[in-house]
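Chain by chain, the residues:
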Amino acid sequence: MRIARFSIDGNVAFGAVEGDKPDELVLDIIKGIPFADFEVSGTKVPLGKVRLLPPVLPNKVVAFGRNYAEHAKELGNEVPDAPFAFFKPSTSVIGPGDDIRYPSFSNELHHEAELAVVIGRMCREVPRERVKDVILGYTCANDVTARDVQKREKQWARAKGFDSSCPLGPWVETDLDLSAVSEGITIQCTVNGQQRQLGRTSEMTHSVEDLIVNITEAMTLLPGDVILTGTPAGVGPLNVGDEVAVTIEGIGTLTNKVIKRG
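In every chain, residue numbers begin from 1 and rise along the written sequence. Under the rules for a predicted model, residues below a pLDDT of 70 receive no local features and side-chain atom pairs below 80 are neither given nor counted, while totals for whole chains, interfaces and linings still include all residues. Side-chain numbers come from the whole structure's heavy atoms, not from hydrogens or water.

**So, the overall build of the chain**
Piece 1. Each helix and strand in the chain was counted, giving 5 helices and 20 strands.
Piece 2. Computed over its C-alpha atoms, the radius of gyration of the chain comes to 17 Å, within 12% of the 18 Å expected for a compact globule of 262 residues.
Piece 3. In terms of overall dimensions, the chain has a C-alpha envelope of 50 × 45 × 30 Å along the principal axes.
Piece 4. Remark: exposure states derive from per-residue accessible area (1.4 Å probe, protein chains only) relative to the maximum for the residue type, with buried under 20%, exposed over 50%, and partly exposed in between. By residue count, 53% of the 262 residues in the chain fall in the buried class.
Piece 5. Taking the intrachain contacts of the chain between residues at least 6 apart in sequence as the baseline, contacts between residues at least 24 apart amount to 70%.
Piece 6. As presented, the chain carries roughly 11700 Å² of accessible surface, and 48% of it is formed by carbon and sulfur atoms. The secondary structure listing takes helices from DSSP runs of H or I that are at least 4 residues long and strands from runs of E that are at least 2 residues long, numbered from the N terminus. C-alpha atoms define the radius of gyration, and 2.2 Å times the number of residues to the power 0.38 defines the globule rule. The criterion used for residue contact is that any of the two residues' heavy atoms lie within 4.5 Å. Computed with a 1.4 Å probe, the accessible areas rest on the Shrake-Rupley method; for each residue, only the protein chains presented here act as cover.

As structure tokens, then:
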């Protein structure tokens, strides 16, 4: 099931996305929330009549850096032996079609296409064999990074945590399973229609299981929290006016435009 969060006529709701052709997609409005037992209402709205929002509002976004060897290499970094985590605040999250605001304190903004894992239940100290049970589904993410700030500051809070630096969407795909991610699904990033990144999740140094086991040893994850799993090689600059799209096989496409920060 593809679960979207949307607004219509001033109201916010979740809906199950139905259909295959982009111009024929409809939302069957969900009764309740997707983190508990729910059912679809049978009330359907054309996707084109609503505004898609970030598919979840996470309490926290846990991101893992340098999890693709070729990406670490392209920036002159070593691959860490253990998962290397950092955080993006909830205020960094935007949805499909929302604007990425170029931060005033940076002159080198980069895209980073990533597979995002959406947590479906409260959990901590998750054993490897139970990881699949705590995942609601997957979505597309762009870990937008002020690369010059990342290089000169010792920690990454400003470089990766500024407002609008975490586009998520367009929806959560619940039918994608861990075996497919392990075997490899394609991640692609384009800027103004030109391909910049192309990789597969099988290239991850540390698997989704590794990442969730690692972070839940330290902290509790809540329903709606998001795990960013790293980016393949090919990261590069974004400029004001650019349209950046992240496409992940089996999920969909997340598109955002870069604008000057007002």
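**Some remarks on the layout of surface pockets**
Using a probe with the size of a water molecule, rolled over the atoms, empty space left in the structure can be pinpointed.
Piece 1. Volume-wise, the largest pocket comes out at about 280 Å³.
Piece 2. Lining the largest pocket we find 21 residues, and of these Arg-66, Asn-77, Arg-147, Gln-150 and Trp-156 sit closest to its centre.
Piece 3. If you list the elements that add at least two residues to the lining of the largest pocket, you get α1 (69–74) and α2 (147–152).
Piece 4. The element contributing the most residues to the lining of the largest pocket is α2, with 3 residues.
Piece 5. Each residue is assigned to one class: nonpolar for Ala, Val, Leu, Ile, Met, Phe, Trp, Tyr, Cys and Pro, charged for Asp, Glu, Lys and Arg, and polar for all the others, Gly among them. The residue makeup of the lining of the largest pocket, split by class, is 5 nonpolar, 7 polar and 9 charged. Using a 1 Å grid laid over the protein atoms alone, points where a 1.4 Å probe fits but cannot get out form a cavity; open sets with protein on both sides within 12 Å along at least 5 of 7 lines form a pocket; any residue with an atom within 4 Å of a point counts as lining. Grid points are joined across faces, edges and corners, and a volume is the space filled by probe spheres set on the points.

**Let's talk about the pattern of salt bridges**
Piece 1. Salt-bridge detection follows one rule: a side-chain nitrogen of Lys or Arg within 4 Å of a carboxyl oxygen of Asp or Glu. Scanning all chains against the criterion turns up 15 salt bridges.
Piece 2. Ionic pairing is found between Lys-31 and Glu-39, a salt bridge with its closest N-O pair at 3.6 Å.
Piece 3. Classification of Lys-31 by relative accessible area gives partly exposed; the value is 47%.
Piece 4. Given a relative accessible area of 47%, Glu-39 falls into the partly exposed group.
Piece 5. Connected through salt bridges with shared partners, the residues Lys-88, Glu-112, Asp-143, Arg-147 and Lys-160 form a single ionic network.

**A few points about unusual backbone geometry**
Among all residues save glycine, negative phi is the norm, and among peptide bonds the norm is trans.
Piece 1. Omega for the peptide link from Gly-169 to Pro-170 comes to 5 degrees, which places this bond in the cis form.
Piece 2. Within the secondary structure layout, Pro-170 lies in strand β14 (residues 166–173).
Piece 3. The phi dihedral of Asp-9 falls on the positive side, at around 55 degrees, and the residue is not glycine.
Piece 4. Judged by relative accessible area, Asp-9 falls into the exposed class, the value being 75%.

**Quick look at the environment of Gly-161**
Piece 1. Counting through the fold element by element, Gly-161 comes out in helix α3 (residues 157–161).
Piece 2. With a relative accessible area of 11%, Gly-161 lands in the buried category.
Piece 3. For the pair formed by Gly-161 and Gly-234, sequence separation is 73 residues and the distance between their alpha carbons is 21 Å.
Piece 4. With sequence-adjacent residues up to four places away left out, Gly-161 is seen in contact with Pro-89, Ser-92 and Trp-156.

**Details of the sheet that holds strand β13 (residues 145–146)**
Piece 1. Following DSSP output, two strands are said to pair if at least two bridges run between them. Spatially, β13-β10-β18 is the arrangement adopted by the 3 strands of the open sheet, whose pairing is antiparallel. Since the sheet does not close on itself, it has two edges, and those belong to β13 and β18 (236–238), each with one partner.
Piece 2. In terms of strand pairing, strand β10 (residues 109–111) meets β13 through 2 bridges, oriented antiparallel. Bridge pairing links His-110 to Thr-145 in β13.

**Thoughts on the environment of Val-208**
Piece 1. Mapping Val-208 onto the fold places it in helix α5 (residues 208–216).
Piece 2. C-alpha separation for the pair Val-208 and Leu-115, spaced 93 residues apart in sequence, amounts to 9.8 Å.
Piece 3. The residues touching Val-208, leaving out its near neighbours within four places in the chain, are Val-117, Ile-135, Leu-178, Val-181 and Thr-229.

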